[in-house]
Amino acid sequence: MAGEQATKTKPRRLLFPQLIVAFVCALAAISCGMGTGHSMVLIPRLQQNDSTIPIDDEIGSWIASIYYIGVPIGNVIGGSLTDILGRRMMLRLSQLPCILSWILLASAQSYQVVIATRLVSGIARGMVVDSVVVLMDEHSDVHLRGALYMQAITSYVVGILIITGIGTVLEWRTTAGIAVIFPIAVLVGTLAVPETPIWLVRKGKTHIASSVLEKAWGKHQNVEAKRELESIISRCRKETILLKVFLRPHVIKSFVIAFLLMMLQNCTGVHIIMIYSVDIISRVRHGSQDLLDEYAVTNISGFFRFAVLIFLAWLTLRVRRRIIVLSSAIASGICLLSLGTVVIINSKSKNISERAESWIVISLIFLYIAANTGGIFALPASLVGELIPSKIRGLASGVIFAVNEVAMGGLLKSYPLMLKTMGVHGMFWLFGFFSLLFALFVFLFVPETHNHTLAQVEEYFQGHNILWQNRPKDFRKEKSLQQQLITPHNTPDMSQSNTTVYIKLRGRELSESQC
C-alpha cells in the first residue's frame, strides 16, 4: 500500500498563485481573440455603401490576411526577447503594439492605415502567444497544464465572441476604442504575476527563484520547493539545443508529424470559415432576414463554439485525444460535403424553398462548428506541444507555429480567388475533403497522448515504428504507468518497487515541467 499512499498524497503547488497567472493570461488571450475576430465584422462594415473607408473584396482579403502575416514576425521578436528580458516583461511589452493598433484603427482615415494597423495587431499577437505559453507552462503544476491550456483557448474564443458582438451593434471605430481596454488591463495585471523560476535561475537570480517557488508551494512545502529549485538548476546546467538534435531520427519523426498536423488543420478551412463567416453565410442562404441574418448567425455560432469548448475541457480529462480528433474531423468533413451539395443542388434545380434551404444551411453550419471546435480547432496546437521532444520543444514549436501563421495568411488572402474559381460550394467540398484527409493522417500517424507522460511519448518516437498501428505493446494498454501505480500489487516487495518507481516518476514530472 505504500505506492498507493504515495500517489494519493503527492504534493502539488498552491492553486491560488496559478489562478492569478491564469487570469492574466486569460485577459491576454481575450485580447488576442479580439484582434483575430475583428476582421469578421470590420470587413463587412467597410464594404457597406455608407462606409467612410470603402473597400472591395481584394482589399478586404488583405485586411484579413495581413494580420496572420504579422504573427510570425511577432513570434520571432517575442521568442528572442522572452529569453533576454523575461516572460513577464515580454508580456508587458507585447501589449504596447496591441494598444497602438487599436488607437490607430479608431482614428484611421484610409484603407492603407487599416491594413497597417492589422499588421501591427498581428505582430502583437505573435509576441503575446510566446510569453503567455511560457508563463503558463513554467508557473503551472504538471497536472493542471492541460486544463489551463483549454482555459486559454476558451478565453481566445471569448475574445472573438466579444468583438463580434460589439462590432455587430456598434460602429467599427467605437469597437476599436472599447477593445483597447483589454491590453491595458493585461498591463495592470502583470503587476501581480511573478517572473518564472526557470528564467530567474538562467539569469543567476537563484535567491529570487527560491522565493517565488516557496510562495508557489506554500509555507508547508519547503522541501518540495527546494527539490524543484535543485531540479531546475541541474537541468539548466545540462541545457544544450544544437542543430544535431534536430537530425536525430526520433526528433525528425515527431517534428514532421506535428508540422503536417498543423498544415492539414489549415487546409480544413477552419480559419477561413471563421474569419469570413458573415460573407460566407450571406452567400449560401437566401431565406428572409427575419429567420436569422448573417450577423446573428455569426454571434450565435460564437456562443456555440464557447459552449463546445467548455464541454471539451471536461471531455479531454476522460476521453482519448485520438477519438476526439478523429470524430471531429470525420463529422466536419461530412458537414462540409453536405453543405456544398445542398448549395449546388438548390442553385440549379430549386427543389427546396428558400426558407427551407436557409434552415438546412444554418443547421449544417452549427453542426460543423460543434464538430470542428470539438477537435480540429482546439487540440492540434496542444498535440504539437505533446509530440515534440522536451529538449527542442520551444524552438521546434515556434518554427511550426510561425510557418503555420504564414500559411494561414496565404489561405485567407486566396479567399476571393477560391470563390471566383470554384464557388462557395466547391470551397466547402475542398475543405470537406481535407477534413477527411486530416482524419486519415491522425488515424495513421498521430500517437495517443492521453494518460501518457511527455517522456513516454518521446520514448514512443524513439522506436522504429512510424504508423500508430505498429506501436509498442506498452502503448496498446489502456492504463499508463501513473495509473498502474495507483493500484499496486499486494506483495510487500512489489509495493516497495512501486514506491521507488513513483519517486523516479515524480522526478521526471518535475523535470518535464521545467526548461
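Residues numbered from 1 in each chain as written. Predicted model: local features only at pLDDT ≥ 70, side-chain atom pairs only at ≥ 80, totals over all residues. Heavy atoms only, no water.

Chemist: I'm lost on the overall build of the protein in this one. Help?
Modeler: A count of helical and extended segments in the protein gives 24 helices and zero strands. The proportion of buried residues among the 515 residues of the protein is 54%. Carbon and sulfur atoms make up 67% of the accessible area of the protein, which amounts to about 22400 Å² in all. (Helix = DSSP H or I, 4+ residues; strand = E, 2+ residues; numbered from the N terminus. Buried < 20%, exposed > 50% of the residue type's maximum accessible area, 1.4 Å probe, protein only. Areas by Shrake-Rupley, 256 points an atom, 1.4 Å probe, with all protein chains shown as cover.)

Chemist: Looking at this structure, how should I read the side chain of R322?
Modeler: Here R322 lies in helix α17 (residues 321-349). Beyond its immediate stretch of four places on either side in the chain, R322 contacts V442, F443, V446, P447, E448, W468 and Q469. (Contact = heavy atoms within 4.5 Å.)

Chemist: How should the pattern of salt bridges be read in this particular structure?
Modeler: Side chains that carry opposite charge are capable of pairing whenever their charged atoms lie near each other. Summed over the entire model, instances satisfying the criterion amount to two salt bridges. Ionic pairing is found between E58 and K413, a salt bridge with its closest N-O pair at 2.7 Å. Pair noted here: E58 is in helix α3 (residues 57-85) and K413 is in helix α20 (residues 393-413), with a separation of 355 residues, a long-range link. Salt-bridge contacts for R173 lead to E171; the nearest nitrogen and oxygen are separated by 3.9 Å. (Salt bridge = Lys/Arg side-chain N within 4 Å of Asp/Glu carboxyl O.)

Chemist: What's the story with helix α4 (residues 87-106) in this structure? I'm lost.
Modeler: Helix length check: α4 (20 residues) gives 30 Å between terminal C-alpha atoms against 28 Å at 1.5 Å per residue, within 8%. Buried residues of α4: R87, M90, L91, S94, Q95, P97, C98, I99, S101, W102 and L105, and no others. (Expected span 1.5 Å × (residues − 1).)

Chemist: Which parts of the structure should I look at to understand the nonpolar core?
Modeler: Looking at soluble globular proteins, one finds that nonpolar side chains tend to be buried together. Counting residues in each nonpolar core, the largest one holds 113 residues, and the members touching the most others are I63, W102 and Y276. Once residues lying within four places of it in the same chain are set aside, the contact partners of I63 are S39, L42, I43, L46, I55, V114, I115 and R118. (Core = buried A, V, L, I, M, F, W, Y, C linked by side-chain atoms within 4.5 Å.)

Chemist: In this structure, what is going on with the packing of helix α2 (residues 15-46) against helix α5 (residues 111-139)? I would like to understand it.
Modeler: In helix packing, the relevant descriptors are the interaxial angle and the interaxial distance, both defined with respect to the helix axes. For the pair α2 and α5, the least separation of the axes is 10 Å and the interaxial angle reads 155°. With respect to their mutual orientation, α2 and α5 come out roughly antiparallel. The two elements α2 and α5 cross, and the hand of that crossing is left-handed. Listed contacts from α5 to Q18, V21, C25, A28, C32, G35, T36, H38, S39, L42 and L46 of α2 are V114, R118, S121, R125, V128, V132, L135, M136 and H139. (Axes fitted to C-alpha atoms, helices over the stretch in contact; angles between N-to-C directions. Parallel < 35°, antiparallel > 145°, perpendicular 65-115°, else oblique. Left-handed = near helix turned anticlockwise from the far one by under 90°.)

Chemist: Would you mind going over the packing of α2 against helix α8 (residues 181-189) with me for this structure?
Modeler: Running from N to C, α2 and α8 point in directions that differ by 160°, and their axes come no closer than 9 Å. Overall, the two elements α2 and α8 adopt an arrangement that is roughly antiparallel. Considering only the axes of α2 and α8, their crossing is left-handed. In this structure, α2 contributes V24, L27, A28, I30, S31 and M34 to the contact, and α8 contributes F182, P183, A185, V186 and G189. Here the residues of the contact of α2 with α8 sort into nine nonpolar, two polar and no charged. (Nonpolar A, V, L, I, M, F, W, Y, C, P; charged D, E, K, R; others polar.)

Chemist: Please clarify how a nonpolar patch on the surface should be interpreted in this entry.
Modeler: Residues L247, I252, V256 and L260 make up a contiguous nonpolar surface patch of about 330 Å² in total accessible area. In this structure, I252 sits in helix α13 (residues 249-267). Judged by its relative accessible area of 38%, I252 falls in the partly exposed class. (Patch = residues over 30% accessible without salt bridge, like charges linked within 9 Å, V, L, I, M, F, W, Y side chains within 5 Å.)

Chemist: Whenever I open this one, the environment of L46 confuses me. Can you help?
Modeler: Looking at the element boundaries, L46 is found in helix α2. For L46, a relative accessible area of 0% gives the class buried. With 10 residues separating them along the chain, L46 and D56 place their C-alpha atoms 8.6 Å apart. In this structure, L46 is in contact with S51, I53, P54, I55, I63, V114 and W172, ignoring residues within four places of it in sequence.

Chemist: Sorry if this is basic, but what is going on with the environment of A378 here?
Modeler: By secondary structure assignment, the location of A378 is in the loop between α18 (354-377) and α19 (379-387). For the pair A378 and I153, spaced 225 residues apart in sequence, the C-alpha to C-alpha distance is 6.9 Å.

Chemist: Honestly, the confidence of the model for the protein in this entry has me stumped. Any pointers?
Modeler: Put simply, the protein has an average pLDDT of 78, and 80% of its residues get 70 or more. Of all secondary-structure elements in the protein, the lowest mean pLDDT belongs to helix α23 (residues 481-486), at 41, while α8 reaches the highest, 94. Predicted confidence for residues 1-8 stays below pLDDT 50, and this span has 13 contacts to residues more than four positions away or in other chains. Overall, residues 509-515 carries pLDDT values under 50, and its contacts beyond four positions in sequence, including any with other chains, amount to 28 contacts. (pLDDT = per-residue confidence, 0-100.)

Chemist: What is the right way to read helix α7 (residues 172-179) from this model?
Modeler: Because an α-helix packs 3.6 residues into every turn, residues spaced three or four apart end up facing the same way. Along α7, the residues classified as buried are W172, R173, T175, A176 and A179. Looking down the long axis of α7, one finds its buried residues gathered within 160° of arc, a one-sided arrangement. By the N-cap criterion, in which a side-chain oxygen at the helix start approaches the backbone nitrogen of a residue two or three places on, α7 is capped by E171, the distance to R173 being 2.9 Å. (Arc of directions from axis to C-beta. Polar contact = N/O pair within 3.5 Å; in protein donor to acceptor, adjacent residues only side chain to side chain.)

Chemist: What am I meant to see in the packing of aromatic side chains here?
Modeler: Two descriptors summarise a pair of aromatic rings, namely the distance from one centre to the other and the angle between the planes of the rings. Enumeration over the complete set of coordinates arrives at five aromatic pairs. Both rings, one in F255 and one in F259, keep their centres 6.3 Å apart while their planes meet at 15°; by these two values the pair is stacked. On the criterion of helical spacing, the pair formed by F255 and F259 is a turn pair, its members being four residues apart in helix α13. A relative accessible area of 21% places F255 in the partly exposed class. What makes F259 partly exposed here is its relative accessible area of 23%. Judged by centre distance (5.3 Å) and plane angle (45°), the ring pair of F441 and F445 falls under tilted. With F441 and F445 both in helix α21 (residues 415-445), this residue pair falls four residues apart, about one helical turn. (Phe/Tyr/Trp six-rings, centres within 6.5 Å; stacked < 30°, edge-to-face > 60°.)

Chemist: Would you take a moment to explain the side chain of E195 for this structure?
Modeler: Mapped onto the secondary structure, E195 falls in the loop between α8 and α9 (197-202). Put simply, E195 is tucked away with no salt bridge, and the nearest opposite charge, on R87, sits 4.7 Å away. Polar contacts involving the side chain of E195 include one to the main-chain amide nitrogen of R87, which spans 3.2 Å. Within the local environment of E195, its side chain forms a polar contact with the backbone nitrogen of R88, the two atoms lying 3.2 Å apart. In contact with E195, not counting residues within four places along its chain, are G86, R87, R88, M89, H139, L200 and V212. (Lys, Arg positive; Asp, Glu negative; His and termini not counted.)

Chemist: How should I be thinking about the environment of G70 in this particular structure?
Modeler: Relative to the elements of secondary structure, G70 occurs in helix α3. Classification of G70 by relative accessible area gives buried; the value is 0%. Between the C-alpha atom of G70 and that of L119, which follows or precedes it by 49 residues, the distance is 5.1 Å. Aside from chain neighbours lying at most four places away, what touches G70 is L119, G122 and I123.

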